[in-house]
Amino acid sequence: MKVSIGKLNAWFAIVGTICIFMFIPWLIFKSITENSAYDYLLFFSMLTSLLFAIIHYLLAFFVKCPKCSKLLTVLGFNKIKPDTHDGGLEVAFLWFTNKVYCMHCGEKIDTNGI
């Protein structure tokens, strides 16, 4: 199985987001009880999400659109094309379905080659 930079970038974005949302159940548990037994879970999820976010950020510089050479998972301050993705996380979730469009130029991207 060939692992591409685009697939790694998508996985790091998805897992990092899941780890960030681990904060919500911990906060609910903490507000109901005063038990500090699961505080390590918060620390682990925040540390993991920070690590995955840094790796995703570094890999994002290598995942570019073949047509316009702009980053596929980084929006920046530019306006996006209509009928494309709203952000990098949406691109990461759609990466494995091969329905990715460049948010800068609107071109359909073949994710197998990236």
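This is a predicted model, so every value here is computed, not measured.

About the criteria used
Residues numbered from 1 in each chain as written. Predicted model: local features only at pLDDT ≥ 70, side-chain atom pairs only at ≥ 80, totals over all residues. Heavy atoms only, no water. pLDDT = per-residue confidence, 0-100. Helix = DSSP H or I, 4+ residues; strand = E, 2+ residues; numbered from the N terminus. Disulfide = S-S within 2.5 Å. Buried < 20%, exposed > 50% of the residue type's maximum accessible area, 1.4 Å probe, protein only. Axes fitted to C-alpha atoms, helices over the stretch in contact; angles between N-to-C directions. Parallel < 35°, antiparallel > 145°, perpendicular 65-115°, else oblique. Contact = heavy atoms within 4.5 Å. Nonpolar A, V, L, I, M, F, W, Y, C, P; charged D, E, K, R; others polar.

On to the confidence of the model for the protein, then. Model confidence for the protein is summarised by a mean pLDDT of 79, while 88% of its residues fall at 70 or above. Confidence, read as mean pLDDT per element, is least for helix H4 (residues 88–94) in the protein (77) and greatest for helix H3 (residues 39–60) (84).

Counted by the stated rule, this structure contains 0 disulfides. Left unpaired, cysteine 65 is separated from the closest cysteine sulfur, that of cysteine 105, by 3.7 Å. Of all cysteine sulfurs in the structure, the one in cysteine 102 sits closest to cysteine 105, which takes part in no disulfide; the separation is 3.7 Å. Cysteine 105 gets classed as partly exposed once you look at its relative accessible area, which sits at 22%.

Take the packing of helix H1 (residues 5–21) against helix H2 (residues 23–32) next. Contact geometry of H1 with H2 gives a least axis separation of 4 Å together with a crossing angle of 10 degrees. The orientation of H1 with respect to H2, classified from their angle, is roughly parallel. In this structure, H1 contributes Cys19, Ile20 and Phe21 to the contact, and H2 contributes Phe23, Ile24 and Pro25. For the contact of H1 with H2, a count of residues per class yields 6 nonpolar, no polar and no charged.

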